[in-house]
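# What the coordinates show
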Amino acid sequence: MILDAARLSFRNLLAPETRSVFWKVLGLTLLVLVGLWFVLRSLFATLLFPWIAGFFPQMPEWAGWLSFVLAILAGLGLALGLALLLSPVTALIAGLFLDDVAEVVEKRDYPNDRPGTAMPLGPALTSSIKFLGVVILGNIIALFLLFIPGVNLIAFFVVNGYLLGREFFEFAAMRFRPPEEARAFRAKHGSTVFLGGLVIAAFLAVPFLNLLTPLFAAGMMVHLHKLVSQKDPAFRG
């Protein structure tokens with residue numbers, strides 16, 4: 001089911017029906033990431049760089065290469081910070097466009113099924129903001145674990161696999177179920193949802209392709225919810 005859902009979602013990325021949502025998601029993701037880059041760069045220049053420079057008040061000319069090394073390290077640090085923020089950005093943008101993606105997927109691949117119902121704007125926005133906080137907290141924990149050999153990469157996939165899988169699946173399920181039932185359904189099939197989340201985390205780790213993570217993840221979990229529901233049609237919470 002997981003591989004089928006991922007394959008169908010990947011196929012839908014460039015489908016004509018998805019094109020409008022594709023450009024919206026890609027454009028907004030790039031806009032937010034560029035904005036975050038300037039924010040991180042400004043914070044580094046005003047807060048962190050003066051503190052580091054204080055350790056080298058009078059650097060001799062022969063040690064000028066240290067400035068070059070520090071500049072490279074700063075660039076890597078900013079890139080790492082932006083990479084860690086990609087998951088929260090994905091969660092936030094997906095919350096805005098999930099129903100658009102779901103409607104396209106449902107009409108394209110499940111034309112004979114009952115269409116889902118979009119969440120009201122207020123609850124959808126509240127849920128997205130709450131999840132954004134959880135993802136940021138989870139990635140801060142993963143950031144600290146990056147310094148532990150053998151744990152760092154595993155931490156990234158486990159944290160983002162669990163959080164992204166849980167939230168995207170519940171978003172998809174709430175189009176057909178009340179919130180309490182959607183959460184109970186996700187909990188019952190937690191291992192399947194977690195493995196699906198790991199696929200999303202792997203997609204998130206691919207440079208450039210990861211800009212389409214909101215579109216891919218939303219589509220994948222719509223498919224996965226459909227497939228799981230077909231195997232467990234009697235579930236009513």
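Now for a description of the structure that goes with this document.

Cut-offs used in this document
Residues numbered from 1 in each chain as written. Predicted model: local features only at pLDDT ≥ 70, side-chain atom pairs only at ≥ 80, totals over all residues. Heavy atoms only, no water. Helix = DSSP H or I, 4+ residues; strand = E, 2+ residues; numbered from the N terminus. Expected span 1.5 Å × (residues − 1). Buried < 20%, exposed > 50% of the residue type's maximum accessible area, 1.4 Å probe, protein only. Phe/Tyr/Trp six-rings, centres within 6.5 Å; stacked < 30°, edge-to-face > 60°. Lys NZ or Arg CZ within 6 Å of the ring centre and 35° of its normal. Patch = residues over 30% accessible without salt bridge, like charges linked within 9 Å, V, L, I, M, F, W, Y side chains within 5 Å. Areas by Shrake-Rupley, 256 points an atom, 1.4 Å probe, with all protein chains shown as cover. Salt bridge = Lys/Arg side-chain N within 4 Å of Asp/Glu carboxyl O.

### Comments concerning helix α8 (residues 213–231)
In an α-helix, one turn spans 3.6 residues; hence positions three or four apart end up facing the same way. Between its first and last C-alpha atoms α8 spans 27 Å; for 19 residues at 1.5 Å apiece the expected length is 27 Å, and the two agree. Buried residues dominate α8, accounting for 17 of its 19 residues.

### Let's talk about the packing of aromatic side chains
Following the criterion strictly, the structure yields 3 aromatic pairs and no others. For the pair F169 and F185, a centre-to-centre distance of 6.1 Å together with 25 degrees between the ring planes defines the contact as stacked. Residue F169 is found in helix α5 (residues 152–173), and its partner F185 is found in helix α6 (residues 179–188); the two are separated by 16 residues along the sequence. In this structure F169 comes out as buried when scored by relative accessible area, which is 0%. On the basis of relative accessible area, F185 is assigned to the buried category, the value being 0%. With centroids separated by 5.0 Å and ring planes inclined at 50 degrees, the aromatic side chains of F185 and F235 adopt a geometry described as tilted. Residue F185 is found in helix α6, and its partner F235 is found in the segment after α8; the two are separated by 50 residues along the sequence. No difference in accessibility class separates F185 from F235, as the two residues are buried. Taken together, the aromatic side chains of F169, F185 and F235 make up a single cluster linked through ring pairs. Seen from the ring of F185, R177 lies directly overhead, with NZ or CZ sitting 3.8 Å from the centre. Sitting over the ring of Y110, K226 keeps its end group 5.1 Å from the ring centre.

### Here we look at a nonpolar patch on the surface
Taken together, the side chains of L96, L121, L125 and I129 present a nonpolar region at the surface, about 400 Å² in accessible area. Take the nonpolar patch: its biggest share by element is 3 residues, from helix α4 (residues 121–145). Within the secondary structure layout, L96 lies in helix α3 (residues 65–109).

### What to know about the pattern of salt bridges
One pass over the full model with this rule turns up 9 salt bridges. Salt-bridge contacts for R186 lead to E170; the nearest nitrogen and oxygen are separated by 3.0 Å. Here E170 lies in helix α5 and R186 lies in helix α6, a separation of 16 residues in the sequence. Residue classification places E170 among the buried residues on the basis of a relative accessible area of 7%.

All we've got here are geometric facts, nothing functional implied.
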